[in-house]
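# Geometric and topological summary
This is what each chain is made of:
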Amino acid sequence: MKLSNSGLNKYLECARAFKLHYRKRLRSVYKSSALLFGGAIDQGLNEILTGKGVEAAQTAFLGHWTTGTDNTGKNFEVCLSPFITYSDSDFDFDLLKREDFALISSNYDDTQPNISSNIFDIINYVKEQKKVLGSVSKIDKTILTHYNLINWCVLKNKGQMMMQAYADQVMPLFKRVLDVQRDVTLDSNCGDAIGGIIDLVVELQDGSIAIIDNKTAAWDYDEDSVKTSQQLTIYKIILNNLYNDGKNAYKVDKCGFAVIKKKPIKTITKVCKTCGHEGQGKHETCDNTPLDDNGKPIKTKRCNGEWDKQIFFSFETQFIVDEITENQEDIVFETINVATDMINKEIFLPNMNSCIGKFGRCVYFDFCHNGSMEALTEVEDKKNEQNKETK
């Protein structure tokens, strides 16, 4: 059995959910926008990391954000799919461009009299419905499609600007890139294996070798996040075992996270259309005052011209690098050994505390509590099918 970090996490969170996902092969018909967006970001960053530049990165990001793969392996058009779950924090009206409004308007279904065409009405309606119903699966698909298109446009624009932020702020921290999207596996003596795909391995400016995991996040990572990262610890263990066996050209010294923050910093400029004055305060109209013959402001008069407002966006990054101790490696080794042993013994205990988490209900909530297959689908095990065909 080969176990990934995500599989290990799922087993530790709820062994029953692990069984339903990997053994019963039940998948949600919905896919998280964070998962799709993160995947598209990774594809874009790969272009930067392999020296192809920001423009190529933006093109790659847009391509993967336009066409996605659902949980059954089929391709679909991301922008018009009602089967994507967006976070409330994804929406930002200021990030919408003129062409986005045209796209949103052209796809508005005016045959539905109960659906408002106002963007804020749609956003607020779905937001409230998610709270009331507990799931997007119970929301009208026409409304959900329109809601998803709005959020898709916002994230489309975010993603392209995030490529530039990574190139400007993160790449200068690297002396050279050694590996990108490397697939690694560590076999055990019992026939089990642990593995995954490493985003990148770099030589830092100080000459040390580091495994880096690219992330997007709405909040800051904790400064101790590397020390508590099971995933980075697993990758370090694998690469250094390969190095010790003469199968890897470098030894890993450190691990880290390169985080692009999803919430933009907004800088608003105001220039009066009448007099050209640059505004600084909160005045709704131009607060410039004309001067008298002595060059002093005439306090009783104001320009009151209309502002020409522009919003400039920038994205911050966070770079955290730390060493992973032998004690940390021992803890992760023990976790892997215990989990694989229990999986091989078919021990799949449910964890009721994980039924409702930080981001809502578990995708198997209705199945476990009510026996309902609503919003779930059974996925074909392609590996087993291929094995059957070769026998």
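Now for a description of the structure that goes with this document. (Residues numbered from 1 in each chain as written. Predicted model: local features only at pLDDT ≥ 70, side-chain atom pairs only at ≥ 80, totals over all residues. Heavy atoms only, no water.)

### So, the pairing of strand E8 (residues 193-204)
We apply this condition: Under the scheme applied here, a residue whose accessible area is under 20% of the maximum for its type counts as buried, over 50% as exposed, and between as partly exposed, the area being computed with a 1.4 Å probe on protein chains only. Note on conventions: DSSP H or I runs of at least 4 residues are helices, E runs of at least 2 residues are strands, and numbering of each starts at the N terminus. Two strands make a pair as long as DSSP finds a minimum of two bridges between them.
Of all 12 residues in E8, 11 are buried, a share of seventy percent or more. Relative to E8, strand E1 (residues 2-4) is paired through 3 bridges, and the arrangement is parallel. By the bridge assignment, Leu-3 is partnered in E8 with Ile-194. With 11 bridges connecting them, strand E7 (residues 174-187) and E8 associate as antiparallel partners. When the bridges of E8 are listed, Asp-183 appears paired with Ile-197.

### With respect to the sheet that holds strand E13 (residues 307-314)
Taken together, the 3 strands give an open sheet; going across it, the order is E12-E11-E13, and neighbouring strands pair in antiparallel fashion. The open sheet terminates on both sides in strands that have one partner only, identified here as strand E12 (278-279) and E13. Relative to E13, strand E11 (residues 265-272) runs antiparallel, the two sharing 8 bridges. The residue of E13 that forms the bridge with Lys-266 is Phe-313.

### Points about unusual backbone geometry
Even without a glycine there, the phi angle at Asn-304 is positive, about 60 degrees. For Asn-304, the position within the fold is in the loop between E12 and E13. Classification of Asn-304 as partly exposed rests on a relative accessible area of 45%. One non-glycine residue, Ala-375, adopts positive backbone phi at about 70 degrees. Within the secondary structure, Ala-375 is located in the loop between helix H10 (365-370) and strand E17 (376-378). Assessed through its relative accessible area of 24%, Ala-375 is described here as partly exposed.

### Describing the pattern of salt bridges
Oppositely charged side chains can form a pair if their charged atoms are brought close together. Rules: One speaks of a salt bridge when a side-chain nitrogen belonging to Lys or Arg is within 4 Å of a carboxyl oxygen belonging to Asp or Glu.
Summed over all chains, the structure comprises 21 salt bridges. Salt-bridge contacts for Lys-262 lead to Asp-90; the nearest nitrogen and oxygen are separated by 3.8 Å. With a gap of 172 residues between them, Lys-262 in the loop between strand E10 (254-261) and E11 and Asp-90 in the loop between strand E6 (84-85) and helix H5 (98-106) connect regions that are remote in the sequence. An identical accessibility class is assigned to Lys-262 and Asp-90; each is buried. A salt bridge links Lys-345 to Asp-341, with the shortest nitrogen-to-oxygen separation between them at 3.2 Å. Here Asp-341 falls in the partly exposed class, since its relative accessible area comes to 36%.

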